Amino acid sequence: MLRLEALSIGSAVPRPAFDGIAQSVFRRACNIRTGDGELLALLTNDLADSPHGIRVAAPAGFDFQTHIGAGRTVSCRAGITRVAGSELSIDLSSARRWRGDVSRFSVDLTRPQSARAWVVARNELDKRLLPNALPVQVTRVVPRLMEAVREQCLHQTVRAFAPMIGCGEGLTPAGDDVLVGYLVGLWSAVGRDRQRLMFLAALSGPIETATQLTNDISCAYLKQAAHGFAGSHIVALARQIAVGAAAARVRSATGSAMAAGASSGPAGVYGLLMGMATWAPQAGRLKAETI
Amino acid sequence: MTTLSRVFPNFYRDSVSLMQLSAKLGALAGVEQAAAVMATKANLALLAETGLVREDTAPSPNNLLVVVRGADETQLEAALAEAKAALEARPSASTGEALPEKARSIEMALGEMPDANLALVSTPGEYAADEARKALNLGLHVMLFSDNVSLEEEISLKHRARGRDLLVMGPDCGTAIINGIPLGFANVVRRGDIGCVAASGTGLQQVTCLVDRYGAGISQAIGTGGRDLKAEVGGMTMLQGIAALTHDPATRVIVLISKPPAPTVADRVLGIAARSGKPVVVNFLGAAPEMVKREGVHAARTLEDAARLAVDLATGKAGGSRGRGNLRAGSARSPDAARLAPSQKYIRGLYSGGTFCYEASFLLTEALGTTVYSNTPVDKRAALPDVWTSREHTVVDLGDDLFTRGRPHPMIDHRLRNERILAEAADPGVAVLLLDVVLGYGAHPDPAAEMEPAIRSARDIATKHGREILFVGSVCGTAADPQDLSRQEAALRDAGVLLANSNAEAVRLAAAIVGGSRPAAQHRAEGGSRNG
Amino acid sequence: MVDVFRQELRVINVGVSGFAEAIRHAGGHALDLEWAPPAGGDLGASHALARLINRASVEEANRKAFAAYLASHPVLDGIGTAGTELPGMGERMILHAGPPVAWEQMCGPMQGAITGAILYEGWAQDRASAMRLAASGEITFAPCHDHNAVGPMAGVISPSMPVWIVTNREGGNRAYSNLNEGLGKVLRFGADSAEVIDRLKWMQRVLAPTLAAVVARLGSLELKPLIAQALHMGDEVHNRNVAASSLLLKKLVPAALSSGRPQADLADVLAFIAANDHFFLNLSMAACKSMMDAAANIAGSSMVTAMCRNGVEFGIRLSGTGGAWFTAPAPQVEGLFFSGYGPQDAARDLGDSAITETAGVGGFAMAAAPAIVQFIGGSPRDALAHTLRMAHITLGRNNTFTLPSLDFAGTPACIDARKVADTGIAPIINTGIAHKKAGIGQVGAGITHAPMECFAKALTALSSKLGVDEQKEDRP
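Computed from a predicted structure; not experimentally measured.

Student: Explain the packing of helix α9 (residues 242–257) of chain C against helix α10 (residues 263–274) of chain C residue by residue, including any values.
Tutor: Residues and elements named next belong to chain C. Orientation of α9 relative to α10, taken along the N-to-C sense of each, is 175°, at an axis distance of 11 Å. Accordingly, the angle class assigned to the pair α9 and α10 is roughly antiparallel. Between α9 and α10, the residues in contact are Leu249, Leu252, Val253 and Ala256 and Leu266, Leu270, Ile273 and Ala274, respectively. Looking at the contact of α9 with α10, its residues break down into eight nonpolar, no polar and no charged.

Put into structure tokens, the structure is as follows:
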């Protein structure tokens, strides 16, 4: 038997019980498709928390691929997750529940500190961004997207983000990553504005439909982002901007967020900043520039 | 005594292999003592002590020495040949793979089947509660088939289960159908939108089979165990079952089956049922209708009524064909009554299903207006003094502990009932033998074939004495059951059994035969038979 | 809300196998258990077990205990004298293998070893007076385990005897064992002749100080890597120690030659060690004890921290029940006998060497030494099967001790008493068989299993200690 302890689980993880099949297995992560059609992710503890993630205290040199093959049944009963035919089991019962909910952040870019923090993050992103990291097909639709959201036109918004879905290379295409970040940015800035809240709530339906067009992993992140839930690095960055933290901390948070995932980090940060800026009155100054 | 030895030069084997060889040789015929050793000084000294070699034998550590001692030299030669063969044999190829271990505990089984969701426990009673507890702790629902589980354990288990949103069906739960899968003694029934929660196994079997017979289907059939509706247990499983069916989109009508519960429990159950928002049919076997009176709750007196009501409600027939309700003596005289001799007055019900027996008991008491004796009577005054001997009208539950001690249940093993059939046939007072035949998983593969010889013999016994015994019964089963309902019914009809569609109908028929029975001569004198 | 309606029904069938067949016949999924009453049928233990399975506090305690075991780092620090080194070692105290046992009940070899020790200590002049002294009550007898020590077979340790000192660098705890006398007429099989006493004296006067100097010259010796290497060379460091003993000798020789000790002593000492294929056994045992003691005394843990026998009883300890012993009659060993001996000559299972199995080696590493399984007429495949079976009753694998024949999987380590009782799989032990009469020696070798009764008692005690309050727990 190999019994590991889960350190933290995301808000979307049904702790006592779930049924699933291993969808894809990597050294440090294993994605599980549940009977409900959702995706859960087993992660070694060096990776960030995410809404559907289960962070596991794995010993040095641990490799999920040694213990789980794609297609294997992975089920949780009474807080213990087991893998069919494997000695591996993971105890979820004492894991801390992690909530990456940005909806209460109320990022207000009219506040000078937050605006400053936003600019610091933007500069850091530009500094570290590799050329061709963000496909032009994605970045050029962002202004239209921001416009449609500002006008609260659902139809236009859906048309605007449609080309982003599934666009790009990588485990999670860059277009999806930008959209995830963008949605998180919107939620972080929505505050208490009723109209905007209703708009975002209405938007979650079309987003969920649209996710059928991309892979399961992106789909999971997009569905969470559609409700304002995101991974810990992006949430941390959003919080730093919300509170108008000092430049050094913002830079550090931006760096961490950009390093998250194999290639999704920079796209997510870009999307986040654009999302945050959408409703800011001085959006003209802060809006997307050609990269 | 002779000693023979052989040296295998430059022949090494490790000490373990050599010990094995020694043991093997020592077991051969004619060998009193044997030793296989590397001829080291130490080993030779050891062998010298036991007299197997001479003390001055020169050591040769790289040689292997085999020594055998016995009376017959031929046998010793054979032993040495055997040793040679063993030493020179090539080791057989081994795959080196170990066979997988079969799961020995629930936790071990979860390693193999992590997505298991229910444990079906049928161990001896003293361990059953512990296994159920383990299953709950491991996050599984439980069907607790075993009986002889204490009331305290039942209450503890059900509290624990409730706190974890898990179901404990039992103890003493013989029947359930979950997600279309028959569990325990259960039938293969059509899937549909009628959900049942029952404290009686055979009651559940009857209702589900009748629902199937009437063309509708079952979404879920949840067993609660026989004691669930006692005051101490408080109907915990039934309440959970009702809640589950209330929230199950596939269930449109709910049926509850039980012997009359403790009043506080009945209250609670009916209250929850009434608030479910779905039509609920309640059969508290033999309970007064007032007990069940509640808005949105439909009372059924018999299992047959419950099934029919449920189907009507599910198919939207308002009012529909209401059940027969009460039986009144002499209402419909059966023509079969004419076949009876004057001495034949009594019904003997020989039941394998306890609930069928119970139902027959209260229905007959009502219909005939006299005492109906039983080993599990509704009224204590009707208790059979000697359960092995019937008197007057008697219905016996042959599945009761008194009969099943040390032998299989009558649904599986028909011998006891067959013997009783013959005994009843010899009683001149017996008019009708009332039987239930239960099909489905767990039951005998061919009950009709098992019963047919006994029925025939019983007839012979009666005929010898100038009587005819009337066999009346019902088959609880479906066409999809392993035994095939239509084949069983056909075989039983061939054996002369008058078959009704349900136990209640069979009881009515028996009552009509006996209640309307008058001496045949008198009957003829009144101007011919009446085919009522 | 009961959720089962949305899932596909998958049944674990516990009891009558016909039910599983029926479910499968009807198109469902069922897994049939090979069920037997748990804990050998002990109802009280079955009740206790049911309350401990998947109990959060036990799972967490076991996790801590297993982590402490894995992290342990046993190192040979040197040689000391029992009376000085062993905590609580009294002046008139003699330690023995296994759980506590009174003089009158002791088996032949153990009584013989004790009289030998008394003569060695000079507390009596002849066997008869030694026996009188032993029976008098003036000498305190105690298990080695109760004083942080372990000894093979009779396992007798008296105050003047030299002991190995092993420290767990991670936790700081120490474990001790006596030095192996070799084969033939030796104290641990109950021999108490002059030859035996003389050898013991030589070990005290020459072997011990020489070894102490050699080990000091080495600095210290890490034992886990040595054991790991030996497991790759056909040892399981309980019944087969020749590779480990050879590896030890390799380490000792260069240090010996530069230790500055008298040449004659070195020659005698190295010859003595080289002649004994089991010299490493006592060190293996001390290392294992230090690893298990690291995991001891963790409240709520059902991990077995000791298994030992005194020829009369078999005893175990659990981490969560501290120093309490749970005993049952010591089993007979099933195996093969040397020429001229048979089961009628055998002593019951004897010795602290089952600490090796407790720590995930010995019988639990049988796949490393398949030849051993021939003792009970098995094949190498059986050796693998035995090892794999132990994986069902252990908390995890020790990836420092890997088994080449199992694709370098780690040995199954750290027995969970709950799993033993629940599955009916008893821990397997490779062991030698002693003659039941004192002083004759080893008469065979084979395999035995820890008695289920020990685990039944232990679980009942653990449950009681945890103060499982059902009423409160059932109704949150």
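Here the narrative resumes, following the displayed structure.
Student: Summarise unusual backbone geometry; cite the residues concerned and give the values.
Tutor: Peptide bonds are, in most cases, trans, and in most cases residues other than glycine have a negative phi. Omega for the bond connecting Gly170 of chain B with Pro171 of chain B falls within 30 degrees of zero, at 0°, which places this linkage in the cis form. Examined against the element boundaries, Pro171 of chain B turns out to sit in the loop between β6 (168–169) and β7 (175–178). Phi is positive for Asn54 of chain C, close to 55°, though the residue is something other than glycine. The residue Asn54 of chain C is located in the loop between α2 (43–52) and α3 (56–71) in this model. For Asn54 of chain C, a relative accessible area of 12% translates into the label buried. Its identity as a non-glycine residue notwithstanding, Cys414 of chain C has a phi of 70°, on the positive side. Here Cys414 of chain C lies in strand β16 (residues 409–415).

Student: I'd like a description of the sheet that holds strand β10 (residues 304–310) of chain C, backed by residues and values.
Tutor: Residue and element names in this part refer to chain C. On the basis of which strands lie adjacent, the open sheet formed by four strands has the order β12-β11-β10-β14 and antiparallel pairing. Looking along the sheet, the strands with just one partner apiece sit at the ends: β12 (326–329) and β14 (350–351). Taken together, the five bridges between β10 and strand β11 (residues 313–318) define a ladder with antiparallel strand orientation. Paired with Ala306 across the strands is Arg317, a residue of β11.

Student: How would you summarise the packing of aromatic side chains if you had to cite specific residues and measurements?
Tutor: Under the defined criterion, the tally for this structure stands at 11 aromatic pairs over all chains. On the basis of an interplanar angle of 85° and a centroid distance of 5.0 Å, the ring pair of Phe62 of chain A and Phe64 of chain A is categorised as edge-to-face. On the basis of relative accessibility, which here comes to 0%, the residue Phe64 of chain A falls in the buried class. Relative to Phe362 of chain B, the ring of Tyr358 of chain B has its centre 6.3 Å away and its plane inclined at 70°; by these criteria the two rings are edge-to-face. Of this pair, Tyr358 of chain B and Phe362 of chain B are both found in helix α12 (residues 354–368), four residues apart, which corresponds to roughly one turn of the helix.

Student: Give a description of the confidence of the model for chain C that names residues and reports values.
Tutor: Chain-level pLDDT for chain C is 94 on average; 98% of the residues reach the 70-or-more range. Confidence metrics for the complex model read pTM 0.86 and ipTM 0.92.

Student: Provide a residue-level description of the pairing of strand β12 (residues 280–284) of chain B, including the pertinent values.
Tutor: Residues and elements named next belong to chain B. Judged by how many residues are buried, β12 sits mostly within the fold: five of five residues are covered. Every second residue of β12 is oriented toward a common face, with Val280, Val282 and Phe284 on one face and Val281 and Asn283 on the other, all of them buried. In this region the chain leaves strand β11 (residues 253–258), passes through helix α9 (residues 263–274) and returns to the parallel neighbour β12; the handedness of that crossover is right-handed. Two elements, β12 and strand β13 (residues 297–299), share three bridges in a ladder whose sense is parallel. Paired with Val280 across the strands is Val297, a residue of β13.

Student: Can you lay out the environment of Ala208 of chain C for me, pointing to particular residues and giving the numbers?
Tutor: Residues and elements named next belong to chain C. Relative to the helices and strands, Ala208 resides in helix α7 (residues 194–218). For the pair formed by Ala208 and Val150, sequence separation is 58 residues and the distance between their alpha carbons is 18 Å. Filtering out sequence-adjacent residues up to four positions away, Ala208 remains in contact with Ile79, Pro162 and Met203.

Student: Describe the interface of chain C and chain B, with residues and values.
Tutor: Taken together, the contact pairs 66 residues of chain C with 74 residues of chain B. With both chains or domains summed, chain C and chain B bury close to 6,400 Å², and 61% of this area falls on carbon and sulfur atoms. Linking chain C with chain B are five salt bridges. Counting the contacts that link chain C with chain B gives 25 residue pairs in polar contact (both at pLDDT 80 or more). Mapped by element, the contributors of at least two residues to the side of chain C that touches chain B are β1 (10–14), α1 (17–25), β2 (29–32), α2, β13 (334–337), α13 (380–390), α14 (417–423) and α16 (470–474) of chain C. A total of six residues in the side of chain C that touches chain B trace back to one element, the largest contributor, which is α2 of chain C. Classifying every residue of the side of chain C that touches chain B gives 34 nonpolar, 17 polar and 15 charged. The pairing of strand β4 (residues 118–121) of chain B with β1 of chain C spans four bridges and is parallel. Across the sheet, residue Ala119 of chain B finds its bridge partner in β1 of chain C, namely Ile12 of chain C.

So, how was this worked out
Residues numbered from 1 in each chain as written. Chains lettered and ligands numbered in written order. Predicted model: local features only at pLDDT ≥ 70, side-chain atom pairs only at ≥ 80, totals over all residues. Heavy atoms only, no water. Axes fitted to C-alpha atoms, helices over the stretch in contact; angles between N-to-C directions. Helix = DSSP H or I, 4+ residues; strand = E, 2+ residues; numbered from the N terminus. Parallel < 35°, antiparallel > 145°, perpendicular 65-115°, else oblique. Contact = heavy atoms within 4.5 Å. Nonpolar A, V, L, I, M, F, W, Y, C, P; charged D, E, K, R; others polar. Buried < 20%, exposed > 50% of the residue type's maximum accessible area, 1.4 Å probe, protein only. Pairing = 2+ DSSP bridges. Phe/Tyr/Trp six-rings, centres within 6.5 Å; stacked < 30°, edge-to-face > 60°. pLDDT = per-residue confidence, 0-100. Right-handed = clockwise from strand over helix to strand, strands pointing away. Buried area = accessible area lost by both parts, 1.4 Å probe. Salt bridge = Lys/Arg side-chain N within 4 Å of Asp/Glu carboxyl O. Polar contact = N/O pair within 3.5 Å; in protein donor to acceptor, adjacent residues only side chain to side chain.

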